[in-house]
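Summary of the model geometry
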Amino acid sequence: MNRWFKQKLGRDLMVVLYSFLALALVGSIFMYTYMEERVAENEQRLEDVDERIDRLNTLWDEWQGAQYDSRGYLLFGDADSLERAQVKENEFQQEINWFKSVVQTKQGEIFAEDLQEFHDFYFGVILPVTTEYGQLRADGEITETTIDPETVLALPTAQRLIEQGVVPYNPERGIDTLGPIQQIETALNDYKSLMDEEKQKVYDAWKLNNNILQFLWIASILSFAALILLFIQPFLRRQTRLISRLSIASDRLLKGEIVDLSDQMEREDEIGIMSRSFNKMAETLRDNERHLIEKNHELQAQQEELIAQQEELQAQQQELEEILEQTQQNEQHLAYRNELTETLAARDSLTAYPEIIEKLVAITDSEVGALVFVDATGSFSITSHGLNETLTRQLLDSENSVLTRAMTLRTTVHSSKQVASDHPLPYPYYMYETAVPVHDPTDDSIIAFIYLVRYKDRFTQTQMGDIMSFARQLSLSLLRMRLFEEMTREKGKTERILDSIREAVIYVEHSTDDVFVNRPLYEMFPELDDITSRELAELSWNEWRETISTTVDQEDDFMKYTDRLFTDDFPHDSVSFSIRKGEMNLQMYAERIVVGGLSKGTLLVFRDITSETEAERLKSEFISTISHELRTPLSSIYGFTELMVKKQLPNEKQAKYLQTIHAETERLTHLVNDFLDVQRMEAGSQMYDREQLDIEPVIRDMMTFYEASSLKHKFELITADDRPYELFADCQKFKQLMSNLLSNAVKYSPHGGKITVELAHHDQSVSIKVKDQGIGIPSDALDRLFDKFYRVDNSDSREIGGTGLGLPICQEIVRGHAGQIHVESVQHQGSTFTVVIPSFEYAVREQESTTA
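All residue numbers refer to position in the chain's written sequence, counted from 1. With pLDDT at 70 or above as the cut-off, local features in this predicted model cover only qualifying residues; side-chain atom pairs require 80 or more to be listed or tallied, and sums for whole chains, interfaces and linings still use all residues. Side-chain measures here rest on the full set of heavy atoms in the structure, leaving out hydrogens and waters.

Per an unreviewed UniProt entry, the protein chain goes by the name histidine kinase and belongs to Exiguobacterium aurantiacum. The record in UniProt for the protein chain states the following under Catalytic activity (unreviewed entry): "ATP + protein L-histidine = ADP + protein N-phospho-L-histidine." The UniProt entry for the protein chain carries the following text under Subcellular location (unreviewed entry): "Cell membrane". UniProt positions are given in the numbering used here, feature names are shortened, and annotations may be inferred rather than shown by experiment.

Have a look at this one:
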């Protein structure tokens, strides 16, 4: 057991603590039990004393109450008082019985016997005598104002009690009642004093217990303090001293001093374990120190070896850096060579030549270089790098230059000379030149020279091999550039030829799906202008077709036709369609381009047939109009003449029919005249017999004529001033002009209204405005209103009829008089036709200046 405690330092500490706690617990339990018993005993004694005192007070109160009631009966004869006094007998007896039951001392026993004797005397003697005395007074047999002892002694009850010896007899006072009363009162007071003394004793005992408890509490604290000072503090001081030794030993070990903890290593607790571990750690550190010293010596030897290897590596690194620098130079030269090769292979214009000579100079480590081109006339053009004007002039103009000699010898020429100049080098130096001719591979003629200059060193064989190789590549590049330029010129010529064709053309290359178009195609489809030229160049044929098809009104026909272009069902016919909702009519046909028996591409041609279509439409409308306009009067003439031939008609009807035939014939005549006028106008054979003409009376006469033929219309002529409105005009044609305008105003005002003609002078012209309040003209029909055979296609104008030749004839008449005509109209509100014709003075002056 003792060894078990020594194995753990905490176990010793816990034993001390647990022992201390157990001692404190036992002492506390003993003190608590002792004090609890003493307190309970005191409480019991105090309760007993309190109860006796309470009973005694009750007994005293009962006795006093009975005494007062009996005296009240004697003095006042109150029967209720006597009854209350008699009732208290049992209560008085119960209290006496309680005192008898709790008798513990001799004084208590005597007190209980005294109480019982007084109870028997009072309720057996005093109260019966008092009752009898009171009854006799109430009956009137006794009239005394005070109680006379003789009277009381003479009462029968008193005589009987005296004879029985129950009550003592006093010859002076008769029945002796005061003695027992005084005796019981004395007994009550003595017993009460006794209880007070007993209660004081209980309080004294309680105070004593408290003092004992305080003493024990102070004693326990002092005992605990003594235990801590005597046992726990030395134990802790001893343990901390051991730990302090370990700390001091650790500091000494860090300083490299020798540490001895052998006295503590014998312990079996944690301090012993820590001491043994510390001692082992110290031995390990000493071993490690020795090992480190040995390792340090070894590392110093290795370091010396590494220094030697580092010097060797630095030498190798320097060698590798030189190799790397050479490799980088080679890579740079190779990159220049590749870039030069790519440039020669890819460049297609002269803009690449400065870059080419710059790379040649870099690859050959030259200082100066130039590309000298020879044209067909033997003239030189040069692209140089680092070559100043002096050297350039010497190179091109000197008869002894390497370029001249190479031109003469048609082979590579080298030259070297010493330059005693300080430019570009600050000392005299040698300049090595070489001129390598570039031959045309087609005819071996010289087309260029490569001219290079190096300072200090000659060109090596490798560099010359590179220069000769680049000369061959340059010749091929120049030849390719020439071919490319030739192709570009041919392409441009082809594009100009295509653009010169009025029809729009699309050429689709079968092998590459490239699409070539001409300028008229963009004019025909302005929607293509929204696409950039770069995007158009990247579009395939299908994308072109989709773009164009969005404008075609008959998209299905267009797609079906183009679907056959690259199949065996190649369309040899053409297809017609309209675009942008009839804005333009096109005819498209396709042709295959065959070269060497192989189909190379497909050519699509778009022809603008809008005018042809319009002509066909006009032709159709003309035939329809002629048929319609001629059929009605001819039918009337035929019908009326047939009636007049086959039947005998009265003269009135014959005259009426003849008037109708005459009117229809006149109508036919006007139609034929209109057709002839249009034909002459189109043929340019219309002649005008001009003269000085005042148009105001002419217009008044015509307005009078139309006013007479129409009852629904009112005519008004408005003139701006009183001057004559004179024109240099053909009177008949002017009448025809006004007739057509007034006739249209009447026809296109079917519901009547006011027709106004306004005349006005201007600086050099006269204007005539014809206004009506008719049905008006739709805005979309205004632009085509003066086209031949054009008629507004709506329900209002369709019922009115007409040939569509009146306004074109008016326009031609106005143009024939160097004037202008235009129209303004609001539908359902009316139209205003304005004619502006040069005045007579201006027209004559113009004619005279033209003739002169």
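**Some remarks on the overall build of the protein chain**
Counting secondary structure elements, the protein chain contains 24 helices and 19 strands. For the protein chain, the C-alpha radius of gyration of 78 Å lies well beyond 29 Å, the compact-globule estimate for 852 residues. Overall size of the protein chain, expressed as C-alpha extent along the three principal axes, is 205 × 135 × 65 Å. Under the scheme applied here, a residue whose accessible area is under 20% of the maximum for its type counts as buried, over 50% as exposed, and between as partly exposed, the area being computed with a 1.4 Å probe on protein chains only. For the protein chain, buried positions account for 37% of its 852 residues. Any pair of residues with heavy atoms lying within 4.5 Å of one another is described as a contacting pair. Taking as baseline every contact in the protein chain between residues at least 6 positions apart, the subset at least 24 positions apart corresponds to 60%. Computed with a 1.4 Å probe, the accessible areas rest on the Shrake-Rupley method; for each residue, only the protein chains presented here act as cover. Working note: accessible area of the protein chain is about 51,800 Å², and carbon and sulfur atoms make up 53% of it. Segments assigned H or I by DSSP are reported as helices when at least four residues long, segments assigned E as strands when at least two residues long, and all are numbered from the N terminus. Here the radius of gyration uses the C-alpha set of atoms, whereas the globule reference equals 2.2 Å times the residue count to the power 0.38.

**Details of the pattern of salt bridges**
We define a salt bridge as a contact between a side-chain nitrogen of Lys or Arg and a carboxyl oxygen of Asp or Glu at a distance within 4 Å. Going through the model one piece at a time under the given rule, you end up with 22 salt bridges. The salt bridge involving R564 is made with D569; its shortest N-O contact spans 3.3 Å. With a closest N to O distance of 2.8 Å, E642 and K646 form a salt bridge. Here the residue E642 and the residue K646 both occupy positions in helix 18 (residues 610-646), the gap between them amounting to four residues, near one helical turn. Three or more residues are tied together by salt bridges with common partners; here these are E527, R580 and E583.

**As for a nonpolar patch on the surface**
A surface patch of nonpolar side chains, about 370 Å² in accessible area, is lined by M14, L17, Y18 and L21. With respect to the helices, strands and loops of the structure, L17 is situated in helix 2 (residues 9-76). To count toward a patch, a residue needs a relative accessible area above 30% and no salt bridge. Like charges then connect within 9 Å, nonpolar side chains (Val, Leu, Ile, Met, Phe, Trp, Tyr) within 5 Å.

**Side note on the sheet that holds strand 17 (residues 765-771)**
Judged by pairing direction, the sheet is mixed, and its five strands sit side by side in the order 14-16-17-19-18 without closing on themselves. Each having just a single partner strand, strand 14 (713-719) and strand 18 (820-826) make up the two edges of the open sheet. Direction aside, the axes of adjacent strands within the sheet are offset by 15° on average. Strand pairing is defined by DSSP finding a minimum of two bridges between the two strands. Taken together, the six bridges between strand 16 (residues 753-761) and strand 17 define a ladder with antiparallel strand orientation. In the strand pairing of strand 17, E758 is matched with K769. Packing of helix 21 (residues 731-747) onto the sheet brings it into contact with strand 14, strand 16, strand 17, strand 18 and strand 19 (830-838), and relative to strand 17 it is tilted by some 25°. To obtain an axis, a line is fitted to C-alpha atoms, over the contacting stretch when the element is a helix, and the angle between two such axes runs from 0 to 180 degrees between their N-to-C directions.

**As for the side chain of E132**
Considering the arrangement of structural elements, one finds E132 in helix 4 (residues 106-139). None of His or the chain ends enter the tally, which takes Lys and Arg as positive and Asp and Glu as negative. There is no salt bridge for the buried E132, and the closest opposite charge comes from R160, which lies 6.8 Å off by N-O distance. Not counting residues up to four positions away in its chain, the partners in contact with E132 are L155, P156 and T157.

**Describing the pairing of strand 19**
Of all nine residues in strand 19, eight are buried; the element is thus mostly enclosed. Across seven bridges, strand 18 lies against strand 19 in antiparallel orientation. When the sheet's bridge partners are listed, E824 is paired in strand 19 with T832. Hairpin connection from strand 18 to strand 19: three residues lie between these consecutive antiparallel strands, with H828 at a positive phi of about 70°.

**Here we look at the UniProt feature "coiled-coil region" (unreviewed entry) in the protein chain**
Here, the residues flagged by UniProt with the feature "coiled-coil region" (unreviewed entry) are residues 282-333. Secondary structure across residues 282-333 divides into 100% helix and 0% strand, with the first and last C-alpha atoms of the span separated by 69 Å.

**Comments concerning helix 16 (residues 541-549)**
Among the residues of helix 16, those classed as buried are W541, W544, R545, I548 and S549. Buried positions in helix 16, seen along its axis, are confined to an arc of 125° and lie on one side of it. Taken from the helix axis, the directions to the C-beta atoms give the arc we talk about.

**Things to note about the packing of helix 10 (residues 353-363) against helix 13 (residues 461-500)**
Packing of helix 10 against helix 13 leaves a shortest axis separation of 12 Å and a crossing angle of 170°. By the angle class used here, helix 10 and helix 13 are roughly antiparallel. In contact with Y353, L360 and I363 of helix 10, helix 13 contributes D466, F470, L478 and M481. Its residues assigned to classes, the contact of helix 10 with helix 13 shows six nonpolar, no polar and one charged. Oblique is the label for any angle not covered by the other classes, which are roughly parallel (under 35 degrees), roughly antiparallel (over 145) and roughly perpendicular (65 to 115). Each residue is assigned to one of three groups, with Ala, Val, Leu, Ile, Met, Phe, Trp, Tyr, Cys and Pro labelled nonpolar, Asp, Glu, Lys and Arg labelled charged, and all others, Gly among them, labelled polar.

**Thoughts on a negative patch on the surface**
Where a charge sits is defined by one atom per residue type, namely NZ (Lys), CZ (Arg), CG (Asp) or CD (Glu). On the surface, E36, E37, E41, E43, E47, E51 and D54 cluster together into a patch of negative charge. Given a relative accessible area of 37%, E43 falls into the partly exposed group.

**Quick notes on the environment of Y507**
Positionally, Y507 belongs in strand 8 (residues 504-509). As for Y507 and S262, which are separated by 245 residues in sequence, their C-alpha atoms are 112 Å apart. Residues contacting Y507, with those up to four places away along its chain left out, are D514, V515, F516, I593, K600, G601, T602 and L603.

**A short note on the sheet that holds strand 9 (residues 515-517)**
Strand order in the open sheet formed by five strands is 9-8-12-11-10, and the pairing between neighbours is antiparallel. Whereas interior strands pair on both sides, the edge strands pair on one side only; in this sheet they are strand 9 and strand 10 (574-579). Direction aside, the axes of adjacent strands within the sheet are offset by 25° on average. Examined bridge by bridge, strand 8 and strand 12 (residues 598-608) share six bridges and lie antiparallel to one another. For A504, the partnering residue across the bridge sits in strand 12 and is F606. Against the sheet, helix 17 (residues 555-563) touches strand 10, strand 11 (584-595) and strand 12, its axis set at about 5° to strand 11.

**Examining the packing of helix 18 against helix 19 (residues 651-683)**
The packing of two helices is summarised by the inter-axis angle and the distance between the axes. Look at helix 18 against helix 19: their axes get within 9 Å of each other, and the N-to-C directions meet at 155°. The pairing of helix 18 with helix 19 is recorded here as roughly antiparallel in orientation. The way helix 18 lies across helix 19 gives a crossing that is left-handed. For the contact of helix 18 with helix 19, a count of residues per class yields 15 nonpolar, six polar and three charged. Should the near helix be turned counterclockwise from the far one by less than a right angle, the crossing is left-handed, whereas a clockwise turn marks it as right-handed.

**Examining the packing of aromatic side chains**
Here is the rule: rings of Phe, Tyr and Trp (six-membered ring for Trp) pair when centre to centre is within 6.5 Å. Planes less than 30 degrees apart are stacked, more than 60 are edge-to-face, and the remainder are tilted. Tallied over the entire structure, the rule returns 17 aromatic pairs. Aromatic pair Y353 and F373: ring centres 4.5 Å apart, planes at 40°, arrangement tilted. With Y353 in helix 10 and F373 in strand 3 (residues 368-374), this residue pair connects regions lying 20 residues apart in the sequence. The pair formed by Y353 and F373 is uniform in burial state, with each residue classed as buried. Considering the side-chain rings of F525 and F606, the 5.8 Å spacing of their centres and the 85° angle between planes classify their relative orientation as edge-to-face. Here F525, found in the loop between helix 14 (519-524) and helix 15 (533-538), pairs with F606, found in strand 12; they are 81 residues apart in sequence, far enough to count as distant. Per residue, the accessibility class of F525 equals that of F606, and both read buried. Ring-pair connections join several aromatic residues into one group, and the members of that group are F92, F118, Y122 and F123. By definition, being over a ring means that NZ of Lys or CZ of Arg is both within 6 Å of the ring centre and within 35 degrees of the ring normal. Taking NZ or CZ as reference, R454 lies 5.7 Å from the ring centre of F459, over its face.

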